[in-house]
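Architecture at a glance
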Amino acid sequence: MSKKAIFLDRDGVINKEVNYLYKIENFEFINGIFESCLYFQNLGYIIIIITNQSGISREFYSDNDYQKLSAWMLEEFSKHGIIIQDTFYCPHGPESNCRCRKPKPGMFIEAKKKHNINMKESWMIGDSEIDIQSANGADIQNTILVRSGKKIIGPTSNAKFILDSIRDAPNFILD
Ligand SMILES: [Mg+2]
Ligand SMILES: [Zn+2]
């Protein structure tokens, strides 16, 4: 049976946006993240993180730095009873022409295959229009743009909803 998923961008959605974040001491969870994730989990969603980490190819931090921060973050989720099913990241820069870097849909497509996900029943929550574009490119129409991260640029968005933060998402994801 196929599963439904909540796809989360990391920076600006799970944690406060910090340019090229890799140190645990600079990682600050956004208010309501754990409550919202528990709510999604209780509705039967699996939770998957999809994140661009070009700081790796730019050599601001190493793949190992990323992995360490990620392991710590997953442990914090787990302390709150939340299972993050998988994490996909793109280590490449904008000029690399890889298939994974958002706004390309590569990481979503990989996640779909690996976990047998029904994209029509799934959601993407991001703080940047490229999160919405990449989700749309992988056939996810349920999208939420949050204002808790990057400044929203431009008068229009393809997102289904625009909310202050993930804290408000349970009011819109009802089943
Ligand atoms: Mg972001
Ligand atoms: Zn990539």
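Please refer to the structure higher up on the page.
This section reports on the structure supplied with the text. Fair warning: this is a prediction, and the values are worked out from it, not measured in the lab.

The next subject is the coordination of the zinc ion (ligand 2). Surrounding the zinc ion (ligand 2) are the protein donor atoms Cys90 (SG), His92 (ND1), Cys98 (SG) and Cys100 (SG), at 2.0 to 2.3 Å. Considering all four donor atoms around the zinc ion (ligand 2), the spread of angles at the metal, 101 to 117 degrees, places the coordination shape in the tetrahedral class. For the zinc ion (ligand 2), the single-chain donor residues occur in sequence as C-x1-H-x5-C-x1-C. Judged by relative accessible area, Cys90 falls into the buried class, the value being 0%.

Right, let's talk about the coordination of the magnesium ion (ligand 1) for a bit. The protein atoms donating to the magnesium ion (ligand 1) are Asp9 (OD), Asp11 (O) and Asp127 (OD), with metal-donor distances spanning 2.1 to 2.2 Å. Here the donor residues of the magnesium ion (ligand 1) are spaced in sequence according to D-x1-D-x115-D. Here Asp127 lies in the loop between strand S4 (123-126) and helix H4 (129-137) and Asp11 lies in the loop between strand S1 (5-8) and helix H1 (33-42), a separation of 116 residues in the sequence. By relative accessible area, which is 2% here, Asp127 ends up buried.

This part covers the packing of aromatic side chains. Within this structure, the stated rule accounts for 13 aromatic pairs. Pairing Phe7 with Phe108 gives two aromatic rings, centres 5.1 Å apart and planes at 65 degrees, and the pair type is edge-to-face. Here the residue Phe7 occupies a position in strand S1, and Phe108 occupies one in helix H3 (residues 106-115), the gap between them amounting to 101 residues. Like Phe7, the residue Phe108 is buried in the burial classification. Taken together through their ring pairs, the aromatic side chains of Phe27, Phe29, Phe34, Trp72 and Phe77 make up a single cluster. One Lys or Arg, Lys4, reaches over the ring of Tyr45 and ends 4.3 Å from the middle of that ring.

The next thing to look at is the nonpolar core. Counting 28 residues, the largest nonpolar core has Leu8, Ile14, Phe77, Ile125, Ile166 and Ile173 as the members making the most contacts within it. When contributions to this core are tallied by element, the ones reaching two or more residues are S1, H1, strand S2 (46-52), helix H2 (63-79), S4 and strand S5 (142-146). Here this core takes four residues from H1, the largest share from any one element. Once residues within four sequence positions are removed from consideration, Ile166 is found in contact with Leu8, Val13, Ile30, Ile33, Ser36, Phe40, Ile125 and Val146.

Parameters and conventions
Residues numbered from 1 in each chain as written. Chains lettered and ligands numbered in written order. Predicted model: local features only at pLDDT ≥ 70, side-chain atom pairs only at ≥ 80, totals over all residues. Heavy atoms only, no water. Donors = N, O, S within 2.8 Å, 3.2 Å for Na, K, Ca; no water. Tetrahedral: all angles 85-135°; square planar, octahedral: opposite > 155°, others 65-115°. Buried < 20%, exposed > 50% of the residue type's maximum accessible area, 1.4 Å probe, protein only. Helix = DSSP H or I, 4+ residues; strand = E, 2+ residues; numbered from the N terminus. Phe/Tyr/Trp six-rings, centres within 6.5 Å; stacked < 30°, edge-to-face > 60°. Lys NZ or Arg CZ within 6 Å of the ring centre and 35° of its normal. Core = buried A, V, L, I, M, F, W, Y, C linked by side-chain atoms within 4.5 Å. Contact = heavy atoms within 4.5 Å.

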